[in-house]
Structures are given as C-alpha cells and as structure tokens.
Amino acid sequence: MIIQSRFNEKVKALAALKEKKFRRERGEYLVEGYKMVSECIAAGMEVTTVACTEEYSAYFPGAMIVSRAVFEYISDERTPQGVIASVRIPANVIVRPHGRCILLDGLQDPGNVGTIIRTANAAGYGQIYMINCADPFSPKCVRSSMSGVFFAEIMQGSAEEVLSALDGTPLVCADMNGENAYTFRAPEKFCLCIGSEGSGLSSAVRGAAQFTVKIPMRPTCESLNAAVSAGILMYLLHGAERE
C-alpha cells in the first residue's frame, strides 16, 4: 500500500525530525538518499524507519512506501531522491580521548560542522568534541558529513564538561597569532581546537591550550573557511606526528 496522506502518523513523525526539538525529544535523526541510507545500514546504525517512493521499494524490503508528494513533505532536500530513514542518535557520553581528536568550539554553520566531521573521519580523528555548535544531526549537517556521522564518536557538552575530559591531552588551537603549522611538531596525542570564523575560540578553550598554530596566508587573504582550515590542519598535524 502506498501512503498518500501527509497526515499519516508515521509520515508526520518522520517529517518532525527536520526540527531540532523533535530530534532531541525522540533521540532520532534523518538520513536521506539511496547512498547515504545504504551506507547507514551497512555501518550498523540503529535504523528505526525507512520510507521510500515506489521506485526504490525493491532495494529496501519492508520500507514504508509513500507517494512522491508525501515524500517531498518528509524530505529536507530541494530535489529529493526518494529514500529516507530515521536513525537512532548514539548515546555518547563525554569520555577521555584515546588518540588524536578534534574540538569544535562555537561553530554554528551546519555545512561547516558536517564537512569537518567528514574530513575527521577520513583523516583518522575518530572522536569529535563539540561546545555550543550547530546540531551535528541536522539534515544539512548529516548531508555534508557524507556518512562521516556514522563513524565518528560525537560528544557534545559544556566547556567545563569537555575540557574536563580533555584534561591531560595537549590542546592545539588554530589561531592567526600562532606558530607556523608547517614547522610545528605535534605531540603524539593531541586535540585540535577549531573556533568559529566570526569570533574564533572561546576564552575557556584558548586559556586551556598548550599550543597555538596558524596556517600561513598571503596578506590579501583575511581568513580561511573554518572547515577548510580544519581539514588542512588535521592532515598537516597528523603528518607531522607520523614523521
């Protein structure tokens, strides 16, 4: 049976997950697109519901089949593909890092947060701490993470909670007044700290830092995008640590 009404209770429950309030209440988030949903299932995530249009029903046995109009109501995409799933948000408590990790401090752009999660997964920064950041499980952030959100251990908390867990781990902060990142030698274990483009790192994180590094730039460039900076530094510092 193809669900034709957007007032169907299951349809409304899925559509509600586009809003942070309902993601928090239910502990679930949306994953959209054939590739992303397939990778989510393959990664062993706890998928609670799969909904799709009829054309994708053969690929997802047992999925809730909806009309194209209903799917567009559920979807957050401008041009939806036709497959979406609700997934349980992992209940990650804030723990001490077991290797190199990254701290995001005050990043409010979900695209930047998602891109950093994607790069962190690729570069081997498996634990990601967040203080006052955009919701990493928002649809835009999940899209930008390109499946990275399935593999990263994401921990969100107050500055006090996060810095307490990182006590004893050297903090390497990105800042325009820091040491040249190309000559800096990273410790074997460290936490790379990235602040927002507008206000940079908070005083709490900056005050706890043992090291500060910068990416050299031409005078004609004021700053780099936070996700670009994070990507450069993740690979650069990882490389320095391996040498």
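Each chain carries its own residue numbering, running from 1 in the written order of its sequence. Reporting of local features is limited, given that this is a predicted model, to residues whose pLDDT is at least 70; pairs of side-chain atoms are given and counted only at 80 or more, and all residues count toward the totals for whole chains, interfaces and linings. Note: side-chain values were computed over all heavy atoms of the structure, leaving out hydrogens and water.

Caption draft 1: Geometry of the sheet that holds strand β8 (residues 171–180). Only strands joined by at least two bridges in the DSSP assignment are considered to pair. Under the scheme used here, helices are H or I runs from DSSP no shorter than 4 residues and strands are E runs no shorter than 2 residues, and both carry numbers assigned from the N terminus. If you walk across this open sheet you meet the six strands as β7-β6-β5-β9-β8-β10, and the pairing is parallel. At either margin of the open sheet sits one strand with a lone partner, and together these are β7 (153–156) and β10 (211–214). Between one strand axis and the next, the sheet turns by 35 degrees as a mean value, whatever way the strands run. Structural elements are reduced to axes, namely lines fitted to C-alpha atoms, with helices fitted over the stretch in contact, and the angle between N-to-C directions of any two is expressed from 0 to 180 degrees.

Caption draft 2: Expanded view of the environment of H98. Within the element layout of this structure, H98 appears in the loop between β4 (83–88) and β5 (101–105). For H98, a relative accessible area of 66% puts it in the exposed group. C-alpha of H98 to C-alpha of K189: the two residues are 91 residues apart in sequence and 8.4 Å apart in space. Setting aside residues no more than four positions away along its own chain, H98 makes contact with Q127, E153 and K189. Buried residues are those whose accessible area, probed at 1.4 Å on protein chains only, stays under 20% of the maximum for their type, while exposed residues exceed 50% and partly exposed ones sit between those limits. Here, residues are in contact when the closest pair of their heavy atoms is within 4.5 Å.

Caption draft 3: Geometry of unusual backbone geometry. Positive phi values are uncommon outside glycine, yet M146 reaches one of about 45 degrees. Assignment of secondary structure puts M146 in the loop between α6 (139–145) and β7. For M146, a relative accessible area of 39% corresponds to the partly exposed category. Phi is positive for S147, which is not a glycine, with a value near 80 degrees. In this fold, S147 is placed in the loop between α6 and β7. Overall, S147 belongs to the buried group, its relative accessible area being 4%.

Caption draft 4: The arrangement of the nonpolar core in detail. Among buried residues, the Ala, Val, Leu, Ile, Met, Phe, Trp, Tyr and Cys ones that are joined through side-chain atoms within 4.5 Å form a nonpolar core. Ranked by size, the top nonpolar core spans 49 residues in total, and within it Y29, V31, I102, L104, I194 and M234 carry the most contacts. In terms of residues, this core owes the most to one element, helix α9 (residues 226–242), which gives six residues. Filtering out sequence-adjacent residues up to four positions away, I102 remains in contact with I116, A120, Y125, Q127, I128, Y129, C191, L192, I194, A230 and M234. Ranked by size, the runner-up nonpolar core spans 15 residues in total, among them L103, M155, L171 and C173.

Caption draft 5: Local environment of the sheet that holds strand β1 (residues 28–32). Read from one edge to the other, the open sheet built from four strands follows the order β1-β4-β2-β3, with strand pairing classed as mixed. Each edge of the open sheet is held by one strand with a lone partner, namely β1 and β3 (64–65). Alignment of strand β2 (residues 47–52) against β3, held across two bridges, turns out to be parallel. Each residue of the ladder has a partner; that of C52, found in β3, is I65.

That is the geometry; function is a separate question.
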